[in-house]
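# Per-entry structural report
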Amino acid sequence: MREVFHEAGRSFRLLVITDLSQALRDEERRAWRRLIRVIWHELNNSLAPIKSVIETSRDALAAGSPDKAEREELAHNLALVAERAESLRRFLSRYSELARMPEPTIAECNAAALLRQVAAVQPPGRVQFAAADGLNLRADADQLQQALINLVRNAVEATPAGGAPVELRAIRGKDSVVFEVEDSGPGVANPDNLFVPFFTTKPGGSGIGLVLARQVAEAHGGTLSLRNREGTTGCLARLVIPT
């Protein structure tokens, strides 16, 4: 800090030097802790359903020699585990700039295929999905999957036991593709804090998922919004990606 003052008719300059090294080290530690929480959140969101699929397959094999239909289901489960593991590997490998989301790798992708992959790693019967025929967009499929997994996971966790399945949709918007996630839970109690990093009302929650999903939307030039449903309970999340 540098200041000029006058005394006895003379001008003086006051220079104050502060050692910020400790403050910088403290901020660096906090940044690393935040980063670790982000990475753990994304690992857990993919590894938990992978574990569930593997356990289901293991139980099916333990029940005896599988018939043709069961073998096809086991092959599908293995392909699902491989796809999600590879998608997660690509996502994390591009996290080279540790302080920010990696730039999206844009390519042609199909909305229905994205929704199918997202719904497949959720608990059976908890998610229904639908997409307009031939709905394609140019985007980073891995990042969109991760964002949608976060939104769907939040919706599934908010839905009470026995409640209606979470609705996952992809529809045509004006110069955009709109992904919607709709649940029948209690709705958003504190909308002002939705996108505050590390803020969460869930026990054991990280407060990362919505922030990351919005980063994905904005990296694609899009938006993410959440609001309570009108006339009934639940929340509607809308992820808009320009085409």
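Everything that follows concerns the structure shown earlier in this document.
Residues numbered from 1 in each chain as written. Predicted model: local features only at pLDDT ≥ 70, side-chain atom pairs only at ≥ 80, totals over all residues. Heavy atoms only, no water.

## Topic: a nonpolar patch on the surface
Note the cut-off: Residues with no salt bridge and a relative accessible area higher than 30% make up the patches, which join like charges within 9 Å and nonpolar side chains (Val, Leu, Ile, Met, Phe, Trp, Tyr) within 5 Å. Computed with a 1.4 Å probe, the accessible areas rest on the Shrake-Rupley method; for each residue, only the protein chains presented here act as cover. Take a side-chain nitrogen of Lys or Arg and a carboxyl oxygen of Asp or Glu: if they are within 4 Å of each other, that pair is a salt bridge. Starting at the N terminus, helices and strands are each numbered in turn, a helix being any DSSP run of H or I of at least four residues and a strand any DSSP run of E of at least two. For every residue, the accessible area obtained with a 1.4 Å probe (protein chains only) is divided by the maximum for its type, and the residue is called buried under 20%, exposed over 50%, and partly exposed between those limits.
On the surface, a nonpolar cluster with roughly 300 Å² of combined accessible area is contributed by F5, F12, L14 and V16. Relative to the helices and strands, F12 resides in strand β2 (residues 10-15). Take F12: its relative accessible area is 30%, and that puts it in the partly exposed class.

## Some remarks on the sheet that holds strand β9 (residues 235-242)
What counts is decided by this rule: Two strands form a pair only when DSSP identifies at least two bridges running between them. In this analysis an axis means a line fitted to C-alpha atoms, helices contributing only their contacting stretch, and an angle means the value between N-to-C directions, from 0 to 180 degrees.
One open sheet accounts for five strands, arranged β4-β6-β7-β9-β8; its pairing is mixed. One side of each edge strand has no neighbouring strand; the edge strands of this open sheet are β4 (127-131) and β8 (223-228). Across the sheet, the axes of successive neighbouring strands diverge by a mean angle of 15 degrees, strand direction being ignored. Where β4 lies against strand β6 (residues 166-173), five bridges are found, and the strand directions are parallel. From the neighbouring strand, A130 faces β6, where its bridge partner is R169.

## A look at unusual backbone geometry
For D175, which is not glycine, the phi dihedral falls at a positive 60 degrees. Topologically, D175 is positioned in the loop between β6 and β7 (176-182). Residue D175 is classed as exposed on the basis of its relative accessible area of 58%.

## Notes on the pattern of salt bridges
For the structure shown, the criterion picks out eight salt bridges. Across the salt bridge formed by K68 and E72, the nearest N and O atoms sit 2.6 Å from each other. Taken together, the residues K68 and E72, both in helix α2 (residues 68-93) and four residues apart, mark about one turn of the helix. One salt bridge connects E180 with R238, and the closest N-O pair in it is separated by 3.0 Å. Of this pair, E180 sits in strand β7 while R238 sits in strand β9; the two residues are 58 residues apart in sequence, bridging distant segments of the chain. The buried category is assigned to E180, whose relative accessible area is 10%. On the accessibility criterion, R238 (28% relative accessible area) is partly exposed. What emerges from the salt-bridge pattern is a single network uniting R169, E180, E182, R229 and R238.

## Section: the layout of surface pockets
Heads up, the condition is: Each cavity reported here is a set of points on a 1 Å grid over the protein atoms alone in which a 1.4 Å probe fits but cannot get out, each pocket an open set with protein on both sides within 12 Å along at least five of seven lines, and each lining residue one with an atom within 4 Å of a point. Grid points are joined across faces, edges and corners, and a volume is the space filled by probe spheres set on the points. For this classification, the nonpolar set comprises Ala, Val, Leu, Ile, Met, Phe, Trp, Tyr, Cys and Pro, the charged set comprises Asp, Glu, Lys and Arg, and every other residue, Gly included, is treated as polar.
Each pocket or cavity is described by its volume, and for the second largest pocket that value is around 440 Å³. If you go around the second largest pocket, you meet 22 residues; those closest to its centre are A120, V121, Q122, P123 and P124. When contributions to the lining of the second largest pocket are tallied by element, the ones reaching two or more residues are α1 (21-62), α2, α3 (111-120), β4 and α4 (141-158). With five residues, the single largest contributor to the lining of the second largest pocket is α1. In terms of residue class, the lining of the second largest pocket is built from twelve nonpolar, six polar and four charged.

## Concerning α4
Let me state the cut-off plainly: The length a helix should cover is 1.5 Å for every residue beyond the first. Two N or O atoms form a polar contact when they lie within 3.5 Å of each other; inside protein one atom must be a possible hydrogen donor and the other a possible acceptor, and for residues adjacent in sequence the pair counts only when both atoms belong to side chains.
A rise of 1.5 Å per residue sets the reference length of α4, with its 18 residues, at 26 Å; its end C-alpha atoms lie 25 Å apart and thus fit the reference within 8%. Burial runs high along α4: 14 of the 18 residues are buried. Measuring from the side-chain oxygen of the N-cap residue of α4 to the backbone nitrogen of D142 gives 3.1 Å; that N-cap residue is D140.

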